[in-house]
Structures are given as structure tokens and as C-alpha cells.
Amino acid sequence: MITTQLLCPQSIVVVGASNNTHKPGGAILKNLINGGYQGELRAVNPKETEVQGVPSFADAKELPDTDLAILAIPAVLCPEVVETLAAEKQTRAFIILSAGFGEETQEGALLEERILETVNKYGASLIGPNCIGLMNTWHHSVFTQPIPNLNPHGVDLISSSGATAVFILESAVTKGLQFNSVWSVGNAKQIGVEDVLQYMDENFDVRKDSKIKLIYIESIKNPDRLLFHASSLIRKGCKIAAIKAGSSESGSRAASSHTGAIASSDSAVEALFRKAGIVRCYSRGELTTVGCIFTLPELKGKNFAIVTHAGGPGVMLTDALSKGGLNVPKLEGPVAEELKSKLFPGASVGNPIDILATGTPEHLSIAIDYCEEKFENIDAILAIFGTPGLVTMFETYEVLHQKMLTCKKPLFPVLPSVRTAGEEVAFFLEKGHVNFADEVMLGTALSRIINAPKPAVPEIELFGVDVPRIRRIIDSIPQNGYIEPHYVQALLHSAGIPVVEEFVSGNKDEVLAFARRCGFPVVAKVVGPVHKSDVGGVVLNIKGEQHLAFEFDRMMQIPEARAIMVQPMLKGTELFIGAKYEEKFGHVVLCGLGGIFVEVLKDVSSGLAPLSYEEAYSMIHSLRAYKIIQGTRGQKGVNEDKFAEIIVRLSTLLRFATEIKEMDINPLLATEKEVVAVDARIRIEK
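Numbering of residues starts from 1 in each chain and follows the order in which that chain's sequence is written. With pLDDT at 70 or above as the cut-off, local features in this predicted model cover only qualifying residues; side-chain atom pairs require 80 or more to be listed or tallied, and sums for whole chains, interfaces and linings still use all residues. As a rule here, side-chain values come from all non-hydrogen atoms in the structure, and water together with hydrogens is ignored.

With an unreviewed UniProt entry as reference, the protein chain is termed CoA binding domain protein, source organism Bacteroides fragilis str. S36L11.

Salt bridges are counted wherever a side-chain nitrogen of Lys or Arg sits within 4 Å of a carboxyl oxygen of Asp or Glu. The final tally for this structure, using the stated rule, is 26 salt bridges. The network of salt bridges with common partners includes Asp266, Glu270 and Arg280.

Turning our eyes to something else, we now look at the state of the cysteines. Our working definition of a disulfide is a cysteine sulfur pair at a distance within 2.5 Å. This model, assessed by the stated rule, comprises zero disulfides. Cysteine Cys78 remains unbridged, with the sulfur of Cys131 as its closest cysteine sulfur at 11 Å. We classify Cys78 as buried; its relative accessible area is 0%. Accessible area is worked out with a 1.4 Å probe on protein chains only. A residue is then buried under 20% of its type maximum, exposed over 50%, and partly exposed in between.

Take the packing of helix 5 (residues 162-175) against helix 10 (residues 284-294) next. Helix axes are fitted to C-alpha atoms over the stretch in contact, other axes to C-alpha atoms as well, and angles between N-to-C directions run from 0 to 180 degrees. Helix and strand definitions follow DSSP, with helices as H or I runs of at least four residues and strands as E runs of at least two, each counted in order from the N terminus. The interhelical angle for the contact between helix 5 and helix 10, taken along N-to-C directions, is 50°, at an axis separation of 9 Å. Regarding the angle of helix 5 to helix 10, the classification is oblique. In this structure, helix 5 crosses over helix 10, and the sense of that crossing is right-handed. Across the interface between the two elements, Thr164, Phe167, Ile168, Ser171, Ala172 and Lys175 from helix 5 touch Arg284, Gly285, Leu287, Thr288, Thr289 and Cys292 from helix 10. Under the scheme applied here, ten amino acids are nonpolar (Ala, Val, Leu, Ile, Met, Phe, Trp, Tyr, Cys and Pro), four are charged (Asp, Glu, Lys and Arg), and all others, including Gly, are polar. The class makeup of the residues in the contact of helix 5 with helix 10 is five nonpolar, five polar and two charged. An angle below 35 degrees is treated as roughly parallel, one above 145 as roughly antiparallel, one from 65 to 115 as roughly perpendicular, and anything else as oblique. When the near helix sits turned anticlockwise from the far one by under a right angle, the crossing is termed left-handed; a clockwise turn instead gives a right-handed crossing. By definition, residues are in contact when any of their heavy atoms lie within 4.5 Å.

One open sheet accounts for seven strands, arranged 9-8-11-10-12-13-14; its pairing is mixed. Here the strands that pair on one side only, and so sit at the sheet edges, are strand 9 (140-142) and strand 14 (279-280). Bridge analysis of strand 12 (residues 212-217) against strand 13 (residues 239-244) gives six bridges, and the strand direction is parallel. Looking at strand 13, one finds that Leu214 is bridged to Ala241. Whether two strands pair comes down to DSSP finding at least two bridges between them.

Bringing the pairing of strand 4 (residues 54-57) into the picture now. Where burial is concerned, the two faces of strand 4 differ: the one with Val54 and Ser56 is buried and the one with Pro55 and Phe57 is not. Examined bridge by bridge, strand 2 (residues 40-44) and strand 4 share two bridges and lie parallel to one another. Paired with Val44 across the bridge in strand 4 is Phe57. Where strand 3 (residues 50-51) meets strand 4, two bridges bridge the pair, whose relative direction is antiparallel. Counterpart to Val51 in the pairing with strand 4 is Val54. Where strand 3 hands over to strand 4, the hairpin turn is made up of two residues, of which Gln52 adopts a positive phi near 50°.

Okay, structure coming up:
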């Protein structure tokens, strides 16, 4: 519950306030004073009558009614103080900085429960415990530094971790990124990341609210709620970027030890972010760089011009953009020659546009003007300009300032000399701009933004999927575990997924008869063992009856073998689709190249069922091996539309058969005309 008293309190008390500003209770009071808080400030400190010029009370019971209480006292004392303030002083918002709660001991968890019971009883808000606090344009209720520039058009930052929020702010302030609010939810006993997003979504005012949200999250407690409100905010015009910590096994342990969080599967997180339209980041620097890009005019295309006076950074930026699938098109022809004539001899205009180390502010201005007005195939401009310390940069950065005010195309300033030209960079940032000191991080962040999909439509694609039959098949399966091939075939048929003709039998004569009917060559596979290839249970390109009879006899001797499956031998590119049920998230669908490439290259893309066709195409296009799917070096591509259709149909099947906990179709054999499932396995748990 997020109350008005939390966001815009008319009175604040710091319980545990101190004159020592190196203590949390002293530092937070100092930040409130220095932040220009306009309401009534009070303190509770039994040893003082005044703390930092603020009236101090010996006990919370002596306070007048107070909107917001900030607690910087030992954990064991917190429940009683919260009860007193909520019951007797009409306090309807609490920020508990103290540690020593559920993140440490069972006894601490019980203290948290008592506090939660009290705040819920009185309809109050609770931030924390174990957090750095909350700050917005109304009040700076945090005990940490730095305090960024705060304005209503700045960024909203929501962080599971207080320390990480501080380090994100450190990264952001050096770039000139400004903030509207900073939320540190700590243990998130009442208010977590999802709750803050929900409040921002349900109370969003397009005219005055911040349209940029940055998130650091360690545990996704409610994926559906995160998905719903993040995608809703993005559809309303917001931009969201997030880091999900704890994606690796060791990272999961780290997250758990820090907040008691259980990290979710990384593939599920990736799928959730893609479905919501969230730009996923992997470091603090990347997150704040994406945030800075969000403050600039929206990108309308993938073609970039690089204007620089130093060749190396221009080349590295070109590499970073190209690696992310973005373009640095060659500039040539009469317009390029005209630009070259206006620069010093030796300047290059091919893109990057290198105006040379001796290039003047006027040359920078001319090059930007040509990219803005005359090069029609350019969508955005990146200007790299630093100094070795021989000249000042005030005039150059004033040019950049003026161009950023007038250019319709996005203009990204890369000012790397943050120490040598520190005064000039600060002069530039004070005008309300951002700075991208690292050109490679900028290139990476741009690619993450441009390649992030839009929020998915919530509808389920039902055409051609026989849901009642799917339910009848699932209900008829007698036991848990990997199901028999005929059930697999029936489920795929019910979903409208093309399946290669096959025959399963433990009778050699029946197997030989089927092979004669469908025609050689054929493929034989053992039925029973889960990992057929590992036990010699798959034989390809069997060209005659004698060979098939020999392999039948051999494979039936394999432990756990119950029958032999025979299929016609098909040719094509091997593709893969798999799915796994993740608790809370639902089914995560994976796709990629099939065969051994799934395990060796691990080039797979993930989506959260149910999937739309747009999501399926986005998954396919994000594969590193997408060029193989398109066709390369004389090889024909595969039918991408059929591949996407099967992904969508499979996701719909899973939506109505939640008993399926794991499945894969590997391979799908694909040609330019057809995509057919050749081998599949499904594990269910009822």
C-alpha cells in the first residue's frame, strides 16, 4: 500500500536521529534538511532536545501527530515504535532503515511479521526494512550519497538493494542523468518492486509523471504482476530498463545471501522481459547508459553517423554498433565530397567522419549539420570529442549544446575527457544534458534498446488448435513422466503441428512392413530410454530391409527398450523448439538450431507462453544463427513463417496443458517449403 503520507508527507520524524552525520539517523536528517523539505521535521532522541537544529523528543509517545516516520534504531525496538506511532500519532507511512530482520535470522523475520501486521491494520505504507530509504522531489529520506538532481521529468529508479541503488546513482550522476524518485525496497516486506510499478501504472499521469523507469531486481515474486504493469506503462509511453540479478548458479547464491531472495530461472526472466518490452541490462553502467539514451529523442532507425576527431574511438564505436546489428553506412557521392571540402585536408567523411585532431568547433558544427540536413540515410548522430589537455573545450561543448537543442535527429555526445576537461564537461551537464563517456558501452546500450521487442499483445492464438481434444488426451494419460510416442503424436496433431509419419512396434515384421510401405531410406529409434543417442538407439539412413532387421534386433537388446520407432528419412535444416515449466512464470518456450547445436552452441531464444506471432518472429530474429535460417552461402533458407507458426501453436498447447512440465521437438526438419517435427518428447506431472 502506497499512501499520500509516504509520497508527500506534511510532517516527518526521524526516530534515532543523531548529530553524528556519519550514522544513518544523522545522515538522513541532514539530507532532509539540505534537500529543502518544506514540512515539519521532528526527531526522537532521548539524550537531546534538539538534533541538527530540529526539535527532538525523548520518546515517540511525546510526538504530535506525524505523517511519516523514519526508523534508524535497533530492529528489536521497531515493532513497539511502529505500533505507538500508527495507533496514537496517526502515522501512515514508515521507512525502516534498520537491518537485523528476516534477512538475518528467524527471530528477525518474526519482528518483520509484527510490523507488517501493524501497518496493514492501520492502512499504512512500509518501505523496508533493511533499506536506504526513499527520495523524491518532495523529500530526501535517504541516509546515503550522492543525492542526484531531482526534477519531475527525471528517471524513477526502483531497487531491491540499497547499496546497489547508491552505486547506480554514482554511475548516473557522472553521466548527468537526473531523477524524479529513488525507491529502495530492501526486504520488501510490504512494498516490493512489483508494488511500486503497479502504483506508477495505476496512477500514471501522462502530462506530469516520469516516463523513464530503471529497475534493479533480485527476486521476481509475482511475474504476472510485473509483466502486466510494466507492459501497461510502456504502452502508455514509458520506457523501462532493468537488471535481474542472480541469473547464474553462483549469482543465485549471492542474491539469496543478500536478501533472502530465490533467483528465478534466467531463461524465464529473459522471456518475461521480452514479453513486457523491458530493455534488459547486465551492469550498472549499462543500465544508466540506457537511461540516458531514453532521455533523448526516440530513435527512428538503425543508421548512425559518427563524427569524431579521434580515429580509434570512432572505430570501436563502429564495431560495437555493428555487433549489435546496427548500421554505420558509408557516406559517399557529391554531398560527401562537398562536406570534405569544408574540412581540413586529410579529413575523412566515409563514416566515421573524422575531422582530425586539429578540427575546430566550426568543423564539428558543419559535420553535424550535414548529418542532420543532407545525409538522408542517417537516423542519428554520435559526436565524439575529447581533449589531450592542450586546449579548453568550452566553445566545442557550446556547439554541441546548441545542436542538441535544434537537431531533430537524436544527437549523442561522447565526451571522454571527464578528468582532463572535467570543468567543461560539468559546464555541459549543467545545461541539462547527458554524457556518454564510453563509446563502446553506448553502442551496446543502443543495440539493446533497438533490438528490444514491443510489449506483446495479450490475446491467445487459438486458430487450428483443438483445445478440447488436447484436454482429453492429457486426462487420459495414465501416469506421470515421459509419455508414450502415440500420446506425443496425438498432442502435436491436436495443436496443428506437422509431424513426420511414423510407426512404433515391438514386432519386427510390422516394422519391416511399414518401412516397405513408406519407402527407404528410413530412420529407426529405440522406444524406452530417454536419451536415445547416448545408448546407440538412433540409426539414420537405413536403406534396406536387411539392415533394418539387423538394427531392430540390436536395439531391442538395449536396456529399457520396449519397441522400435521407424520414420521416413527426411532432409532439411535441423531446428529446435523446447519448453519448460517454471514455477510462478509458467511455460518458457525456447527455439534455435536443432540437433547437437542446441547443446554445443546454446544459441536459443526464449519466450513466455502464450506467444503471439510477433513474439515468435522476434525470437527467431534474435538468434545468432538467424542468417542460417534465412539462407547463406548458396544454401536455401527455411520457411520462417512455418517455424513461427509452430512456435505459436506449441505455446497455445502449453497454455491449455499445464501438466506438461518439460518437452522438446528436436529436430524439426525445415526446408524452404515445410517445417516438420521429426522427434519429440514430453514429460508431464499431474
